[in-house]
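Listed here are the chains, written in short residue letters.
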Amino acid sequence: MTASPPPECVILVGLPAAGKSTFARARFPALEYISKDAFPPGARNKQARQDAALRAALGAGRSAIVDNTSVTPAERAAIIAVAREAGARIVGYFLEVSIRDAVARNERREGRARVPKVAIFTCAKRLVPPSLAEGFDEVHTVHQ
């Protein structure tokens, strides 16, 4: 009897409007999609909800993709800890895009999808690309 491979936890990293959600849908349609943006507006404890959803998916042996900005190692640490606890392989994708391109993409969005421009600039100042030293098994850079 062959053991099934461990589930994967894919973590997307990038500025708001970098194309993370589009990339997730195109590249990983079969993975369980987890994003704080999918929670209702004003939902409380989004981090705890996200952790619970990730724990449930990985605990059931399903691979998942976490689609948030996750711009700092500290923001990614909780996701990585949950994935490690579940024995998952952790794969990071850094969606590299210029601030100018992120702002332009954001301008084409409507409704809740459009973020305040200041959010892009604030995230850009804090952005630290993911690295293997954080606990990733693989890290890839995608130029958008």
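All chains use their own residue numbering, which begins from 1 and follows the written sequence. Owing to the predicted nature of the model, reporting of local features is limited to residues with pLDDT of at least 70; listing and counting of side-chain atom pairs is limited to 80 or more, with chain, interface and lining totals taken over all residues. Derived side-chain values reflect all non-hydrogen atoms in the structure, with water molecules and hydrogen atoms excluded from consideration.

Caption draft 1: Focus on the pattern of salt bridges. We define a salt bridge as a contact between a side-chain nitrogen of Lys or Arg and a carboxyl oxygen of Asp or Glu at a distance within 4 Å. A complete count under the given rule lists eight salt bridges for this structure. A salt bridge links Asp137 to Arg84, with the nearest nitrogen and oxygen atoms 3.1 Å apart. Within this pair, whereas Asp137 is found in the loop between helix 5 (117-126) and strand 5 (138-143), its partner Arg84 is found in helix 3 (residues 73-85), the two being separated by 53 residues in sequence. Only DSSP runs of H or I reaching four residues or more are called helices, and only runs of E reaching two or more are called strands; each is numbered from the N terminus.

Caption draft 2: View of the nonpolar core. Ranked by size, the top nonpolar core spans 20 residues in total, and within it Val10, Leu12 and Tyr93 carry the most contacts. Secondary structure elements with two or more residues in this core: strand 1 (8-13), helix 1 (20-27), strand 4 (89-96), helix 4 (99-107) and helix 5. Take this core: its biggest share by element is three residues, from strand 4. Leaving out residues up to four positions away in the same chain, Tyr93 has contacts with Val10, Ile11, Leu12, Val13, Phe23, Arg27, Phe28, His140 and Val142. As used here, the term nonpolar core means buried Ala, Val, Leu, Ile, Met, Phe, Trp, Tyr and Cys residues forming a set that is joined through side-chain atoms within 4.5 Å. Each residue is assigned to one of three classes by its accessible area relative to the maximum for its type, calculated with a 1.4 Å probe on protein chains only: buried under 20%, partly exposed between the two thresholds, exposed over 50%. Note on definitions: a residue-residue contact is assigned when non-hydrogen atoms from the two residues lie within 4.5 Å.

Caption draft 3: Representation of the packing of helix 4 against helix 5 in the model. Where helix 4 meets helix 5, the axes come as close as 10 Å, and the angle between the chain directions of the two elements is 155 degrees. Compared by their axis directions, helix 4 and helix 5 come out roughly antiparallel. As for the relative orientation of helix 4 and helix 5, their crossing is right-handed in sense. Only Lys117, Ile120, Phe121 and Ala124 of helix 5 make contact with helix 4, whose side of the interface consists of Ile99, Ala102, Val103, Asn106 and Glu107. Broken down by class, the residue content of the contact of helix 4 with helix 5 amounts to six nonpolar, one polar and two charged. Note on geometry: axes are C-alpha line fits, over the in-contact stretch for helices, and angles between N-to-C directions span 0 to 180 degrees. In these notes the angle categories are as follows: under 35 degrees is roughly parallel, over 145 is roughly antiparallel, 65 to 115 is roughly perpendicular, and the rest is oblique. Each crossing gets its hand from how the near helix is turned against the far one by less than a right angle, where anticlockwise is left-handed and clockwise is right-handed. Note that Gly is not counted as nonpolar here; it falls among the polar residues with everything else outside the nonpolar set of Ala, Val, Leu, Ile, Met, Phe, Trp, Tyr, Cys and Pro and the charged set of Asp, Glu, Lys and Arg.

Scope: geometric values only; no functional claims are made or implied.
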